[in-house]
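Here are the chains, one letter per residue:
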Protein chains: 2
Amino acid sequence: MKTTKSIRRNSPIPLSQCGVFLAAELIGDKWTLLILREALYGVVRFDDMLNDLGIPRAVLTARLKRLVENDIMRRDPYREENSRTRYSYTLTDQGIELTPVIIALMQWGDRYLRNDAAPISLMHKDTGNGLKVALVDEQSSALSINDITLKINDVEKR
Amino acid sequence: MKTTKSIRRNSPIPLSQCGVFLAAELIGDKWTLLILREALYGVVRFDDMLNDLGIPRAVLTARLKRLVENDIMRRDPYREENSRTRYSYTLTDQGIELTPVIIALMQWGDRYLRNDAAPISLMHKDTGNGLKVALVDEQSSALSINDITLKINDVEKR
DNA sequence: TGCGCTGAGTTCATATGTCAAACTTAGCTA
DNA sequence: TAGCTAAGTTTGACATATGAACTCAGCGCA
(Lines give C-alpha, C1' and ligand atoms only; values in the text may rest on other atoms or scores of the structure.)
Protein backbone atom coordinates (compact mmCIF):
# COMPACT_ATOMS: atom_id res chain seq x y z
CA MET A 1 0.00 0.00 0.00
CA LYS A 2 1.16 3.48 -0.77
CA THR A 3 1.27 6.10 1.88
CA THR A 4 -0.85 9.15 1.35
CA LYS A 5 2.03 11.56 1.08
CA SER A 6 1.87 14.12 -1.73
CA ILE A 7 -1.62 13.30 -2.86
CA ARG A 8 -3.06 16.39 -4.39
CA ARG A 9 -6.78 16.88 -4.38
CA ASN A 10 -6.98 19.18 -7.36
CA SER A 11 -4.72 20.68 -9.94
CA PRO A 12 -2.95 23.88 -8.95
CA ILE A 13 -4.67 25.93 -11.61
CA PRO A 14 -8.20 26.01 -12.98
CA LEU A 15 -8.79 24.44 -16.37
CA SER A 16 -9.70 27.67 -18.10
CA GLN A 17 -6.28 29.07 -17.18
CA CYS A 18 -4.42 26.00 -18.32
CA GLY A 19 -2.30 25.98 -21.43
CA VAL A 20 -2.54 22.21 -21.68
CA PHE A 21 -6.31 22.45 -21.72
CA LEU A 22 -6.43 25.16 -24.35
CA ALA A 23 -3.91 23.39 -26.53
CA ALA A 24 -5.63 20.04 -26.10
CA GLU A 25 -8.97 21.51 -27.17
CA LEU A 26 -7.38 22.78 -30.35
CA ILE A 27 -4.92 20.12 -31.43
CA GLY A 28 -5.55 17.27 -28.99
CA ASP A 29 -6.99 14.69 -31.32
CA LYS A 30 -5.44 11.92 -33.33
CA TRP A 31 -5.99 13.31 -36.79
CA THR A 32 -4.85 16.82 -36.00
CA LEU A 33 -1.62 15.51 -34.52
CA LEU A 34 -1.06 13.42 -37.62
CA ILE A 35 -1.78 16.35 -39.91
CA LEU A 36 0.87 18.31 -38.04
CA ARG A 37 3.22 15.40 -38.57
CA GLU A 38 2.56 15.51 -42.31
CA ALA A 39 3.18 19.22 -42.34
CA LEU A 40 6.46 18.77 -40.50
CA TYR A 41 7.54 16.20 -43.05
CA GLY A 42 6.76 18.64 -45.80
CA VAL A 43 3.56 17.18 -47.22
CA VAL A 44 1.42 20.11 -48.27
CA ARG A 45 -1.44 18.85 -50.44
CA PHE A 46 -4.91 17.81 -49.47
CA ASP A 47 -4.86 14.65 -51.54
CA ASP A 48 -1.40 13.67 -50.43
CA MET A 49 -2.39 13.91 -46.81
CA LEU A 50 -5.54 12.00 -47.61
CA ASN A 51 -3.61 9.10 -49.11
CA ASP A 52 -0.84 9.21 -46.59
CA LEU A 53 -2.98 9.19 -43.49
CA GLY A 54 -6.05 7.30 -44.63
CA ILE A 55 -8.11 10.04 -43.03
CA PRO A 56 -11.72 10.51 -44.20
CA ARG A 57 -12.05 13.43 -46.60
CA ALA A 58 -14.63 15.29 -44.56
CA VAL A 59 -12.50 15.03 -41.44
CA LEU A 60 -9.41 16.31 -43.25
CA THR A 61 -11.42 19.24 -44.59
CA ALA A 62 -12.73 20.09 -41.14
CA ARG A 63 -9.36 19.75 -39.39
CA LEU A 64 -7.48 21.84 -41.93
CA LYS A 65 -10.20 24.46 -41.65
CA ARG A 66 -9.79 24.61 -37.90
CA LEU A 67 -6.01 24.77 -38.14
CA VAL A 68 -6.17 27.59 -40.68
CA GLU A 69 -8.75 29.50 -38.67
CA ASN A 70 -6.50 29.31 -35.65
CA ASP A 71 -3.41 30.44 -37.50
CA ILE A 72 -1.57 27.18 -37.12
CA MET A 73 -1.60 26.42 -40.82
CA ARG A 74 -1.81 28.59 -43.88
CA ARG A 75 -3.69 27.89 -47.11
CA ASP A 76 -1.93 29.23 -50.19
CA PRO A 77 -2.61 28.85 -53.88
CA TYR A 78 0.18 27.35 -55.94
CA ARG A 79 0.62 26.14 -59.44
CA GLU A 80 2.63 23.33 -61.03
CA GLU A 81 3.48 23.05 -64.70
CA ASN A 82 0.53 21.92 -66.74
CA SER A 83 -1.99 21.78 -64.03
CA ARG A 84 -4.56 23.92 -62.38
CA THR A 85 -4.14 26.09 -59.34
CA ARG A 86 -4.24 24.20 -56.08
CA TYR A 87 -3.86 24.98 -52.46
CA SER A 88 -1.01 24.10 -50.22
CA TYR A 89 -1.30 23.75 -46.48
CA THR A 90 1.79 24.72 -44.55
CA LEU A 91 2.63 25.59 -40.99
CA THR A 92 2.60 29.19 -39.86
CA ASP A 93 5.23 30.43 -37.43
CA GLN A 94 2.88 29.56 -34.62
CA GLY A 95 2.40 26.12 -36.10
CA ILE A 96 6.12 25.52 -36.46
CA GLU A 97 6.41 26.12 -32.75
CA LEU A 98 4.42 22.93 -32.22
CA THR A 99 7.40 20.94 -33.46
CA PRO A 100 8.54 20.00 -29.95
CA VAL A 101 5.10 18.54 -29.23
CA ILE A 102 5.20 16.30 -32.28
CA ILE A 103 8.83 15.34 -31.79
CA ALA A 104 8.23 14.53 -28.13
CA LEU A 105 5.36 12.26 -29.18
CA MET A 106 7.54 10.69 -31.84
CA GLN A 107 10.38 10.01 -29.44
CA TRP A 108 8.07 8.43 -26.92
CA GLY A 109 6.21 6.38 -29.52
CA ASP A 110 9.40 5.18 -31.16
CA ARG A 111 10.82 4.18 -27.82
CA TYR A 112 7.86 2.49 -26.17
CA LEU A 113 5.45 1.42 -28.87
CA ARG A 114 7.75 0.25 -31.61
CA ASN A 115 9.91 -2.79 -31.17
CA ASP A 116 12.34 -1.66 -33.77
CA ALA A 117 14.84 1.13 -34.15
CA ALA A 118 13.43 4.57 -34.77
CA PRO A 119 12.59 4.89 -38.47
CA ILE A 120 13.53 8.50 -38.60
CA SER A 121 15.85 10.76 -36.73
CA LEU A 122 16.47 14.44 -36.49
CA MET A 123 19.67 16.14 -37.46
CA HIS A 124 20.96 19.64 -37.23
CA LYS A 125 21.08 21.00 -40.76
CA ASP A 126 24.59 22.37 -40.45
CA THR A 127 26.41 20.25 -37.92
CA GLY A 128 24.73 16.94 -38.74
CA ASN A 129 24.40 16.20 -35.06
CA GLY A 130 21.48 14.17 -33.82
CA LEU A 131 18.76 16.06 -31.98
CA LYS A 132 16.24 15.32 -29.31
CA VAL A 133 13.52 17.02 -27.30
CA ALA A 134 14.38 17.34 -23.64
CA LEU A 135 13.84 19.27 -20.46
CA VAL A 136 16.62 21.78 -20.10
CA ASP A 137 17.48 24.85 -18.13
CA GLU A 138 15.39 27.82 -19.20
CA GLN A 139 18.52 29.83 -19.85
CA SER A 140 20.20 27.33 -22.11
CA SER A 141 20.07 28.15 -25.79
CA ALA A 142 17.64 26.09 -27.80
CA LEU A 143 18.28 25.15 -31.39
CA SER A 144 16.18 26.86 -33.97
CA ILE A 145 13.36 24.73 -35.21
CA ASN A 146 14.20 25.80 -38.73
CA ASP A 147 17.58 24.12 -38.61
CA ILE A 148 16.19 20.61 -38.50
CA THR A 149 16.67 17.99 -41.18
CA LEU A 150 15.05 14.57 -41.20
CA LYS A 151 17.20 11.52 -41.64
CA ILE A 152 15.43 8.37 -42.72
CA ASN A 153 16.82 5.12 -41.38
CA ASP A 154 16.61 1.83 -43.22
CA VAL A 155 12.86 1.71 -43.71
CA GLU A 156 11.68 1.02 -47.23
CA LYS A 157 10.06 3.96 -48.87
CA ARG A 158 6.74 2.97 -50.26
CA MET B 1 2.37 32.12 -55.33
CA LYS B 2 4.77 29.71 -53.77
CA THR B 3 7.22 27.81 -55.85
CA THR B 4 6.95 24.05 -55.78
CA LYS B 5 10.33 23.49 -54.18
CA SER B 6 10.48 20.96 -51.38
CA ILE B 7 6.94 19.70 -51.74
CA ARG B 8 6.86 16.17 -50.52
CA ARG B 9 4.22 13.83 -51.88
CA ASN B 10 4.12 11.45 -48.96
CA SER B 11 5.66 11.07 -45.57
CA PRO B 12 9.06 9.37 -45.47
CA ILE B 13 7.77 6.46 -43.44
CA PRO B 14 4.56 4.42 -43.50
CA LEU B 15 2.02 5.10 -40.77
CA SER B 16 2.34 1.69 -39.19
CA GLN B 17 6.02 2.38 -38.58
CA CYS B 18 5.45 5.82 -37.19
CA GLY B 19 5.91 6.61 -33.54
CA VAL B 20 3.70 9.66 -33.82
CA PHE B 21 0.89 7.53 -35.18
CA LEU B 22 1.20 4.86 -32.51
CA ALA B 23 1.42 7.44 -29.74
CA ALA B 24 -1.46 9.45 -31.16
CA GLU B 25 -3.70 6.38 -31.27
CA LEU B 26 -3.01 5.76 -27.61
CA ILE B 27 -2.89 9.17 -25.97
CA GLY B 28 -3.85 11.56 -28.76
CA ASP B 29 -7.19 12.77 -27.45
CA LYS B 30 -8.20 15.68 -25.31
CA TRP B 31 -9.23 13.79 -22.20
CA THR B 32 -6.24 11.50 -22.12
CA LEU B 33 -3.88 14.44 -22.40
CA LEU B 34 -5.70 16.16 -19.55
CA ILE B 35 -5.60 13.03 -17.41
CA LEU B 36 -1.85 12.94 -17.93
CA ARG B 37 -1.74 16.56 -16.85
CA GLU B 38 -3.60 15.70 -13.65
CA ALA B 39 -1.22 12.85 -12.99
CA LEU B 40 1.77 15.14 -13.50
CA TYR B 41 0.31 17.59 -11.02
CA GLY B 42 -0.07 14.80 -8.51
CA VAL B 43 -3.83 14.24 -8.58
CA VAL B 44 -4.36 10.53 -8.11
CA ARG B 45 -8.02 9.87 -7.33
CA PHE B 46 -10.85 9.06 -9.65
CA ASP B 47 -13.23 11.53 -8.06
CA ASP B 48 -10.66 14.30 -7.87
CA MET B 49 -9.92 13.99 -11.56
CA LEU B 50 -13.63 13.90 -12.21
CA ASN B 51 -14.21 17.19 -10.39
CA ASP B 52 -11.09 18.81 -11.64
CA LEU B 53 -11.59 18.09 -15.31
CA GLY B 54 -15.35 17.96 -15.62
CA ILE B 55 -14.91 14.76 -17.59
CA PRO B 56 -17.88 12.37 -17.81
CA ARG B 57 -17.52 9.42 -15.45
CA ALA B 58 -17.79 6.79 -18.13
CA VAL B 59 -15.13 8.50 -20.21
CA LEU B 60 -12.77 8.77 -17.25
CA THR B 61 -13.29 5.08 -16.50
CA ALA B 62 -12.56 4.11 -20.07
CA ARG B 63 -9.50 6.32 -20.42
CA LEU B 64 -7.93 5.20 -17.17
CA LYS B 65 -8.57 1.63 -18.17
CA ARG B 66 -6.76 2.12 -21.44
CA LEU B 67 -3.86 3.89 -19.76
CA VAL B 68 -3.50 1.12 -17.18
CA GLU B 69 -3.74 -1.61 -19.81
CA ASN B 70 -0.97 0.05 -21.75
CA ASP B 71 1.30 0.46 -18.75
CA ILE B 72 1.19 4.24 -18.76
CA MET B 73 -0.62 4.44 -15.45
CA ARG B 74 -0.80 2.15 -12.49
CA ARG B 75 -3.82 1.40 -10.31
CA ASP B 76 -2.92 0.82 -6.68
CA PRO B 77 -5.01 0.37 -3.58
CA TYR B 78 -4.40 2.83 -0.79
CA ARG B 79 -5.95 3.68 2.49
CA GLU B 80 -6.53 6.88 4.42
CA GLU B 81 -7.42 7.12 8.10
CA ASN B 82 -11.02 6.28 8.75
CA SER B 83 -11.98 5.45 5.26
CA ARG B 84 -12.24 2.52 2.98
CA THR B 85 -9.60 1.28 0.58
CA ARG B 86 -9.50 3.21 -2.63
CA TYR B 87 -7.46 3.17 -5.75
CA SER B 88 -4.90 5.66 -6.83
CA TYR B 89 -3.88 6.22 -10.40
CA THR B 90 -0.28 7.22 -10.90
CA LEU B 91 2.15 7.32 -13.77
CA THR B 92 4.39 4.36 -14.45
CA ASP B 93 7.97 4.94 -15.54
CA GLN B 94 6.77 4.77 -19.11
CA GLY B 95 4.07 7.29 -18.28
CA ILE B 96 6.48 9.68 -16.62
CA GLU B 97 8.42 9.73 -19.85
CA LEU B 98 5.45 11.49 -21.43
CA THR B 99 6.25 14.57 -19.39
CA PRO B 100 7.95 16.35 -22.29
CA VAL B 101 4.84 15.90 -24.40
CA ILE B 102 2.61 17.53 -21.81
CA ILE B 103 5.10 20.25 -20.99
CA ALA B 104 5.59 21.04 -24.67
CA LEU B 105 1.83 21.38 -25.04
CA MET B 106 1.69 23.55 -21.95
CA GLN B 107 4.43 25.85 -23.17
CA TRP B 108 2.79 26.28 -26.52
CA GLY B 109 -0.67 26.78 -25.06
CA ASP B 110 0.54 29.26 -22.48
CA ARG B 111 2.37 31.20 -25.12
CA TYR B 112 -0.14 31.31 -27.94
CA LEU B 113 -3.57 30.66 -26.48
CA ARG B 114 -3.44 32.56 -23.24
CA ASN B 115 -3.17 36.31 -23.14
CA ASP B 116 -1.71 36.31 -19.71
CA ALA B 117 1.51 35.16 -18.10
CA ALA B 118 1.96 31.43 -17.70
CA PRO B 119 0.07 30.35 -14.58
CA ILE B 120 2.62 27.75 -13.70
CA SER B 121 6.28 27.23 -14.31
CA LEU B 122 8.73 24.44 -13.90
CA MET B 123 11.69 24.53 -11.60
CA HIS B 124 14.58 22.25 -10.94
CA LYS B 125 14.03 20.74 -7.50
CA ASP B 126 17.56 21.41 -6.31
CA THR B 127 18.82 24.44 -8.17
CA GLY B 128 15.52 26.30 -8.41
CA ASN B 129 16.29 27.17 -12.01
CA GLY B 130 13.46 27.54 -14.48
CA LEU B 131 13.03 24.72 -16.97
CA LYS B 132 11.73 24.36 -20.48
CA VAL B 133 11.27 21.74 -23.18
CA ALA B 134 13.47 22.32 -26.17
CA LEU B 135 15.25 20.74 -29.08
CA VAL B 136 18.82 20.06 -28.10
CA ASP B 137 21.82 18.12 -29.23
CA GLU B 138 21.32 14.40 -28.72
CA GLN B 139 24.52 14.24 -26.71
CA SER B 140 23.68 16.97 -24.27
CA SER B 141 22.62 15.81 -20.85
CA ALA B 142 18.91 16.07 -20.16
CA LEU B 143 17.56 16.81 -16.73
CA SER B 144 15.85 13.99 -14.95
CA ILE B 145 12.11 14.22 -15.12
CA ASN B 146 11.96 13.35 -11.45
CA ASP B 147 13.75 16.54 -10.46
CA ILE B 148 10.91 18.82 -11.46
CA THR B 149 8.94 21.00 -9.10
CA LEU B 150 5.93 23.08 -10.07
CA LYS B 151 5.85 26.72 -9.20
CA ILE B 152 2.46 28.41 -9.21
CA ASN B 153 2.38 32.02 -10.29
CA ASP B 154 -0.16 34.50 -9.01
CA VAL B 155 -3.29 32.59 -9.97
CA GLU B 156 -5.83 32.21 -7.20
CA LYS B 157 -6.13 28.70 -5.93
CA ARG B 158 -9.75 27.67 -6.05
C1' DT C 1 -15.95 25.17 -78.20
C1' DG C 2 -16.64 21.33 -75.83
C1' DC C 3 -14.79 16.79 -73.44
C1' DG C 4 -12.96 14.68 -69.86
C1' DC C 5 -9.64 14.75 -66.08
C1' DT C 6 -8.47 15.78 -61.41
C1' DG C 7 -7.95 18.11 -56.85
C1' DA C 8 -10.82 19.76 -53.38
C1' DG C 9 -15.01 19.89 -51.04
C1' DT C 10 -19.95 18.33 -49.82
C1' DT C 11 -23.55 15.22 -48.79
C1' DC C 12 -25.50 11.03 -47.33
C1' DA C 13 -26.61 6.96 -44.31
C1' DT C 14 -24.68 4.38 -40.83
C1' DA C 15 -21.78 3.36 -36.94
C1' DT C 16 -19.41 4.72 -33.10
C1' DG C 17 -18.40 7.85 -29.27
C1' DT C 18 -19.77 11.45 -25.95
C1' DC C 19 -22.57 13.24 -22.54
C1' DA C 20 -25.32 13.94 -18.03
C1' DA C 21 -27.96 11.71 -14.97
C1' DA C 22 -29.56 7.83 -12.65
C1' DC C 23 -28.45 3.56 -10.91
C1' DT C 24 -25.33 -0.30 -8.90
C1' DT C 25 -21.69 -2.16 -6.20
C1' DA C 26 -18.37 -2.85 -2.48
C1' DG C 27 -16.11 -1.79 1.67
C1' DC C 28 -16.00 0.92 5.33
C1' DT C 29 -17.92 3.29 10.02
C1' DA C 30 -20.92 3.46 13.64
C1' DT D 1 -27.40 -4.01 10.60
C1' DA D 2 -27.96 0.59 8.34
C1' DG D 3 -26.05 4.11 5.93
C1' DC D 4 -22.29 6.42 3.57
C1' DT D 5 -19.22 7.12 -0.21
C1' DA D 6 -15.78 6.20 -4.01
C1' DA D 7 -15.76 3.88 -8.12
C1' DG D 8 -17.99 1.86 -11.91
C1' DT D 9 -22.06 0.74 -15.11
C1' DT D 10 -26.15 1.67 -17.62
C1' DT D 11 -29.26 4.53 -20.05
C1' DG D 12 -30.94 7.17 -23.95
C1' DA D 13 -30.28 11.63 -26.36
C1' DC D 14 -27.11 13.77 -29.10
C1' DA D 15 -22.78 14.65 -31.77
C1' DT D 16 -19.06 13.28 -34.45
C1' DA D 17 -16.61 9.84 -37.47
C1' DT D 18 -16.76 7.02 -41.31
C1' DG D 19 -16.66 5.52 -46.37
C1' DA D 20 -19.00 6.01 -50.54
C1' DA D 21 -21.09 8.60 -53.85
C1' DC D 22 -21.71 12.96 -55.62
C1' DT D 23 -20.59 18.04 -56.91
C1' DC D 24 -17.86 21.62 -58.55
C1' DA D 25 -14.31 24.31 -60.87
C1' DG D 26 -10.22 24.95 -63.61
C1' DC D 27 -7.35 23.09 -66.72
C1' DG D 28 -5.29 20.52 -71.08
C1' DC D 29 -6.33 18.89 -75.21
C1' DA D 30 -8.78 17.87 -79.58
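*Asks:* Provide a residue-level description of the overall build of chain A, including the pertinent values.
*Replies:* Tallying secondary structure elements over chain A gives six helices and five strands in all. N-terminal to C-terminal, the α/β element order of chain A is α-α-α-α-β-β-α-α-β-β-β. Across its three principal axes, chain A shows a C-alpha extent of roughly 70 × 40 × 35 Å. Among the 158 residues that make up chain A, the fraction classed as buried is 49%. In chain A, once contacts between residues fewer than 6 apart in sequence are set aside, the share between residues at least 24 apart is 50%.

*Asks:* So what's going on with the protein's contact with DNA strand D? Residues and values would help.
*Replies:* Around DNA strand D sit 19 residues in total, of which Trp31 and Arg63 of chain A together with Asp47, Arg57 and Arg84 of chain B are the nearest. Within the contact set of DNA strand D, a base oxygen lies 2.9 Å away from a side-chain nitrogen or oxygen of Arg57 of chain B. Mapped onto the surface near DNA strand D, the elements with two or more residues apiece are helix H4 (57-69) of chain A together with helix H3 (46-53), helix H4 (57-69) and strand E2 (85-91) of chain B. Of the residues belonging to the surface near DNA strand D, the class tally is seven nonpolar, three polar and nine charged.

*Asks:* Outline the protein's contact with DNA strand C, listing residues and values.
*Replies:* Residues in contact with DNA strand C amount to 19 residues; listed here are only the nearest, Phe46, Asp47 and Arg57 of chain A together with Trp31 and Arg63 of chain B. Here the atoms of DNA strand C within 4 Å of the protein split so that 62% fall in sugar or phosphate, with bases taking the remainder. Take Asp47 of chain A: an N or O atom from its main chain is 2.9 Å from a phosphate oxygen of DNA strand C. Tyr87 of chain A places a main-chain nitrogen or oxygen 3.4 Å from a phosphate oxygen of DNA strand C. Sorting the residues of the surface near DNA strand C by element identifies helix H3 (46-53), H4 and strand E2 (85-91) of chain A together with H4 of chain B as the ones contributing at least two each. For the surface near DNA strand C, a count of residues per class yields seven nonpolar, three polar and nine charged.

*Asks:* Break down the pattern of salt bridges for me, with residues and values.
*Replies:* Inspection of every chain in the model, using the stated rule, returns 20 salt bridges over all chains. Asp29 of chain B serves as the salt-bridge partner of Arg66 of chain B, at 3.0 Å between the closest nitrogen and oxygen. Note that Arg66 of chain B is positioned in helix H4 and Asp29 of chain B in the loop between helix H1 (19-27) and helix H2 (30-41), a separation of 37 residues in sequence. Assessed through its relative accessible area of 27%, Arg66 of chain B is described here as partly exposed. One network of salt bridges, in which partners are shared, links Asp29, Arg63 and Arg66 of chain A.

*Asks:* Describe the confidence of the model for chain A, with residues and values.
*Replies:* Summing up the model confidence of chain A, the mean pLDDT is 89 and the portion of residues at 70 or higher is 93%. Long-range and interchain partners of residues 1-5 of chain A, a stretch whose pLDDT sits below 50, account for 12 contacts in this model, where long-range means more than four residues apart.

*Asks:* Describe the packing of helix H2 (residues 30-41) of chain A against H3 of chain A, listing the residues and the values that go with them.
*Replies:* All names here are of chain A. The geometry of H2 relative to H3 is characterised by a closest axis approach of 11 Å and an angle of 120° between their N-to-C directions. The crossing of H2 and H3 is right-handed. Within the contact between the two elements, H2 uses Trp31, Leu34, Ile35, Arg37 and Glu38 and H3 uses Met49, Asp52 and Leu53. A breakdown of the residues in the contact of H2 with H3 according to their chemical character gives five nonpolar, no polar and three charged.

*Asks:* How would you sum up the domain arrangement of chain A? Please name residues and give values.
*Replies:* All names here are of chain A. According to the domain assignment, chain A contains domain 1 (14-95) and domain 2 (98-158). Just the C-alpha atoms count here: the centres of domain 1 and domain 2 sit 20 Å apart. Listed by partner, the interface residues are 10 residues for domain 1 and nine residues for domain 2. Roughly 800 Å² of surface becomes buried between domain 1 and domain 2 when both sides are summed, with 74% attributable to carbon and sulfur atoms. Its largest share of buried area at the contact with domain 2, domain 1 owes to Leu33, Leu40 and Tyr41, together 54% of the area lost on that side. For the pair domain 1 and domain 2, the number of links is zero salt bridges. There are one residue pair in polar contact (both at pLDDT 80 or more) connecting domain 1 and domain 2.

*Asks:* So what's going on with the relation of the copies chain B and chain A? Residues and values would help.
*Replies:* With an RMSD of 0.1 Å, chain B superimposes on chain A once it is rotated by 180° and translated 0.0 Å along the axis. The two molecules are tied by a two-fold rotation axis, judged by turn and shift. For chain B, the residue whose C-alpha comes nearest the rotation axis is Asp29 of chain B, separated from it by 2.1 Å. When the interface residues of chain B are mapped onto chain A, 100% of them again fall at the interface, so both copies present the same face.

*Asks:* Describe the pairing of strand E4 (residues 131-137) of chain B, with residues and values.
*Replies:* Among the seven residues in E4 of chain B, six count as buried, and that is most of the element. In this sheet, E4 of chain B lies alongside strand E4 (residues 131-137) of chain A in antiparallel orientation, the contact comprising seven bridges. When the sheet's bridge partners are listed, Val136 of chain A is paired in E4 of chain B with Lys132 of chain B.

The rules behind these values
Residues numbered from 1 in each chain as written. Chains lettered and ligands numbered in written order. Predicted model: local features only at pLDDT ≥ 70, side-chain atom pairs only at ≥ 80, totals over all residues. Heavy atoms only, no water. Helix = DSSP H or I, 4+ residues; strand = E, 2+ residues; numbered from the N terminus. Buried < 20%, exposed > 50% of the residue type's maximum accessible area, 1.4 Å probe, protein only. Contact = heavy atoms within 4.5 Å. Near = heavy atom within 4 Å. Polar contact = N/O pair within 3.5 Å; in protein donor to acceptor, adjacent residues only side chain to side chain. Nonpolar A, V, L, I, M, F, W, Y, C, P; charged D, E, K, R; others polar. Salt bridge = Lys/Arg side-chain N within 4 Å of Asp/Glu carboxyl O. pLDDT = per-residue confidence, 0-100. Axes fitted to C-alpha atoms, helices over the stretch in contact; angles between N-to-C directions. Left-handed = near helix turned anticlockwise from the far one by under 90°. Domains from an automatic or database assignment. Buried area = accessible area lost by both parts, 1.4 Å probe. Least-squares fit on C-alpha atoms with pLDDT ≥ 70 in both. Pairing = 2+ DSSP bridges.

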